[in-house]
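Coordinates in review
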Amino acid sequence: MTFTAWISLAGVLALLWGVGGWSLWRTMREEGRKARLLQRYGSVDRYDPRALADLEAWLAEHPEDPYASLARTRIDETRRHRASGHPTFYGH
Amino acid sequence: MTDAYHEPREEWASRLGFLLAMLGAMVGLGNIWRFPYLAGLHGGGAFVLAYVVLLYLVAVPGLMGETAMGRFTRAAAVGAYRRLGGHSGVGVLVALATFGLMTYYFPVIGWVIYYFGHALAGTFFQDGFAAGAAWEAFKADPELKLATHTLAVLLAGIPLYYGVAKGIERASLLMVPVFFLALVVVAVRALTLPAAEEGLAYLFTPEWGQLADPGVWVAALGQALFSTGLGWGIALTLGSYLGAADDIPLGAGVFTAVGNTSIGVLAGLAVLPTVFAFGLDPASGPELVFLALPQVFPEMTGGYLWSLVFFIGFLFAALTSGFAITEVPVAAYREEAGVSRGRAVVTVMAGIWLLGLPSALSTDFSGLMDFLFGNWALPAATLASMLVLGWRFGARRMRVLDVNYSADLYVGPWWEVAIRYVLPAVMAFLLVWFTWDALRGASPGRALGGLGFLAGLLVVAFGVGSIRNRRRQEVAP
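Residues numbered from 1 in each chain as written. Chains lettered and ligands numbered in written order. Predicted model: local features only at pLDDT ≥ 70, side-chain atom pairs only at ≥ 80, totals over all residues. Heavy atoms only, no water.

1. Focus on the overall build of chain B
Secondary structure summary: chain B contains 18 helices and 0 strands in total. C-alpha extents for chain B along the principal axes are approximately 70 × 50 × 50 Å. Counting all 477 residues of chain B, 64% fall into the buried class. At a minimum sequence separation of 6, the contacts of chain B that also span at least 24 residues come to 85%. Total accessible area computed for chain B in this model is approximately 15,800 Å², and 67% of it derives from carbon and sulfur atoms. Where the 26 positive side-chain charges of chain B centre and where its 29 negative ones centre are 13 Å apart. (Helix = DSSP H or I, 4+ residues; strand = E, 2+ residues; numbered from the N terminus. Buried < 20%, exposed > 50% of the residue type's maximum accessible area, 1.4 Å probe, protein only. Contact = heavy atoms within 4.5 Å. Areas by Shrake-Rupley, 256 points an atom, 1.4 Å probe, with all protein chains shown as cover. Lys, Arg positive; Asp, Glu negative; His and termini not counted. Charge placed at Lys NZ, Arg CZ, Asp CG, Glu CD.)

2. A few points about the layout of surface pockets
Quantified by volume, the largest pocket comes out at close to 1,600 Å³. The residue makeup of the lining of the largest pocket, split by class, is 26 nonpolar, 16 polar and 6 charged. (1 Å grid on protein atoms, 1.4 Å probe; cavity = no way out; pocket = protein on both sides within 12 Å on 5 of 7 lines; lining within 4 Å. Points joined across faces, edges and corners; volume = space filled by probe spheres on them. Nonpolar A, V, L, I, M, F, W, Y, C, P; charged D, E, K, R; others polar.)

3. So, the interface of chain B and chain A
Many analyses report the size of an interface as the accessible area lost when the parts associate. Each side of the interface is counted separately: chain B has 50 residues, and chain A has 44 residues. At the surface where chain B touches chain A, the tally comes to 5 salt bridges. Here glutamate 61 of chain A makes a salt bridge to arginine 396 of chain B, at a shortest N to O gap of 2.7 Å. Viewed at the interface, chain A and chain B are joined by 22 residue pairs in polar contact (both at pLDDT 80 or more). Elements with a contribution of two residues or more to the side of chain B that touches chain A: α1 (15-26), α3 (45-73), α9 (196-204), α12 (249-277) and α16 (363-403) of chain B. At 10 residues, the largest contribution of residues to the side of chain B that touches chain A is made by α12 of chain B. (Salt bridge = Lys/Arg side-chain N within 4 Å of Asp/Glu carboxyl O. Polar contact = N/O pair within 3.5 Å; in protein donor to acceptor, adjacent residues only side chain to side chain.)

4. A few points about the environment of leucine 315 of chain B
Residues and elements named next belong to chain B. In this structure, leucine 315 sits in helix α14 (residues 303-337). Note on leucine 315: relative accessible area 8%, which makes it buried. Excluding its chain neighbours within four sequence positions, the residues that come into contact with leucine 315 are Ile109, Val112, Ile113 and Phe116.

5. Description of empty space enclosed by the protein
In this approach the atoms are scanned with a rolling probe the size of a water molecule, which exposes any empty space left behind. Residues and elements named next belong to chain B. Per the stated rule, a full pass over the model turns up 3 cavities of 30 Å³ or more. One number sums up the size of the largest cavity: a volume of about 50 Å³. If you go around the largest cavity, the residues you meet are Val186, Ala270, Val271, Thr274, Leu293, Phe297, Met300 and Phe310. Looking at the lining of the largest cavity element by element, the count peaks at 3 residues for α12. Classifying every residue of the lining of the largest cavity gives 7 nonpolar, 1 polar and no charged. In this model, the second largest cavity occupies a volume close to 40 Å³. At the level of secondary structure, the elements contributing two or more residues to the lining of the second largest cavity comprise α10 (214-228), α16 and α17 (414-439). Looking at which element gives the most residues to the lining of the second largest cavity, the answer is α16, with 3 residues.

6. As for the packing of α1 of chain B against α14 of chain B
For any two helices packed against each other, the geometry is given by the interaxial angle and the distance between the axes. All names here are of chain B. At a minimum axis distance of 7 Å, the contact between α1 and α14 shows a crossing angle of 105°. Here α1 is positioned roughly perpendicular relative to α14, judged by the angle of their axes. Between α1 and α14, the contacting residues are Ala21, Gly24, Ala25 and Met26 on the first element and Ala317, Thr320, Ser321, Ala324 and Ile325 on the second. By residue class, the composition of the contact of α1 with α14 is 6 nonpolar, 3 polar and no charged. (Axes fitted to C-alpha atoms, helices over the stretch in contact; angles between N-to-C directions. Parallel < 35°, antiparallel > 145°, perpendicular 65-115°, else oblique.)

7. Remarks on the side chain of glutamate 327 of chain B
By the secondary structure assignment, glutamate 327 of chain B is in helix α14. The class of glutamate 327 of chain B is buried, set by a relative accessible area of 0%.

8. A short note on the packing of aromatic side chains
Counted under the stated rule, the structure contains 35 aromatic pairs over all chains. Here the aromatic rings of phenylalanine 310 of chain B and phenylalanine 311 of chain B are separated by 5.3 Å at their centres, their planes lie at 90°, and the arrangement is edge-to-face. Assigned by exposure class, phenylalanine 310 of chain B and phenylalanine 311 of chain B land together as buried. Over the face of the ring belonging to tyrosine 405 of chain B we find arginine 74 of chain A, whose NZ or CZ atom lies 4.0 Å from the ring centre. (Phe/Tyr/Trp six-rings, centres within 6.5 Å; stacked < 30°, edge-to-face > 60°. Lys NZ or Arg CZ within 6 Å of the ring centre and 35° of its normal.)

9. Structural notes on unusual backbone geometry
All names here are of chain B. For arginine 74, which is not glycine, the phi dihedral falls at a positive 50°. Note on placement: arginine 74 falls in the loop between α3 and α4 (77-83). Its relative accessible area of 5% is what places arginine 74 among the buried residues. The residue serine 406 is not glycine, and still its phi comes out positive at about 60°. One can find serine 406 in the loop between α16 and α17. By relative accessible area, which is 2% here, serine 406 ends up buried.

See below:
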């Protein structure tokens, strides 16, 4: 087998098995952490700070959208948890 | 609009259960023979590179979106599209396409059951066993084909009957690790065979010139889409059983798409070294598994064990796809007809069994079904699905409201471009390509028949959808 084929094999393993294994490990760890926060404090912040900013920007642009009230509820949910002083899932 | 998470619905009992059910749905028979074969045929490492690019560009964002549609609406295909502001007909099209797919997939699971039976009985090792003759004998025996088709439907019906957590999830938690381990074991054995390196070279030697061939990109695109079942309602339906705290982008998007392909590569490591070690043709297609490999096991030390492990893995891969994909029409029928799970499972499985009989009895008929559903019905369902998400409901609205809700991975505005422009363009291109390819082929009449079939299916789907729209003027979540 040529050197290029070995490099190709290594690249495929990194891009697929590496990323696949990492994503499984990370999602299992993060979901466990989220479940522990929910169990202990009864609530958790639902949006990453960037995602919260995106949602707030969308709501400001579409205050009359049929889903605006749902967006407000969800924004409040995250803000309330952050204001509670409890540990956050996403950090600040 | 209210939050759909307050509505009672079955949910997954564990995160791992959901992830393995998604993976089990997507890893099917095509991963075992098609991915290694296509990779070798289209330039090895160059094909794999094209495939990985398309996987990240198309399949990963698409799966995130489809799963989000399910979780956001907490409804099966028909109800989900209705709640998203789309026509119920899109959901009916998706449910009909997967129902049609399963009518010719279960007979193939029946073939695997037949070969598993041979592996169990050790007949591959009996004097005078001829794989070709065994296959011809099977094809010529309608009672045997009927029996294996029936058994496949019954086996897949059991987890469906027991529901999401007690049925689909438990079965996936058992079967997916078993078929993964089976492939690992067979791959380790295959890589220690003489000439194994030739198989690796076939799979991984990059022929960069092939990247200039549009056919290579179309093949990679088709495999990326068909292997993940994007837009077929699978991720939508399984995602509808997620809870509010569950992540979508990392688990349902990245892990599912990449994990599925990783198993395709693993299958390549298990199959191709064996193919080269025993001088078989790597371009044999599905016959590689049913005709070639049974001849190889008797030549291997400990062949009985390897054949058993391989066919157990193969059977479990087929069954997990079988029941998880069938959950799409089962859940849609259950919700729309307002019947119990048990009744929905029995009705849908009976329909699949009955309408699957022609495919079970004739490989020509199952080939025709694959031609009609693979070239037109399923790509049309994916296109319609992405149009509802990207343009009707709105990709931005879905991303900011739900894709990033409880997410383990932040998804930026790039995702909206993928959903609104890239995916619909890709699906429209594939539909045109398949039509053109069929028209220039040996039988243009067959292609025109396929287009007529698609038109008829759309009329039926949107006709039924219109009736559903009138009867259930639902308030969106």
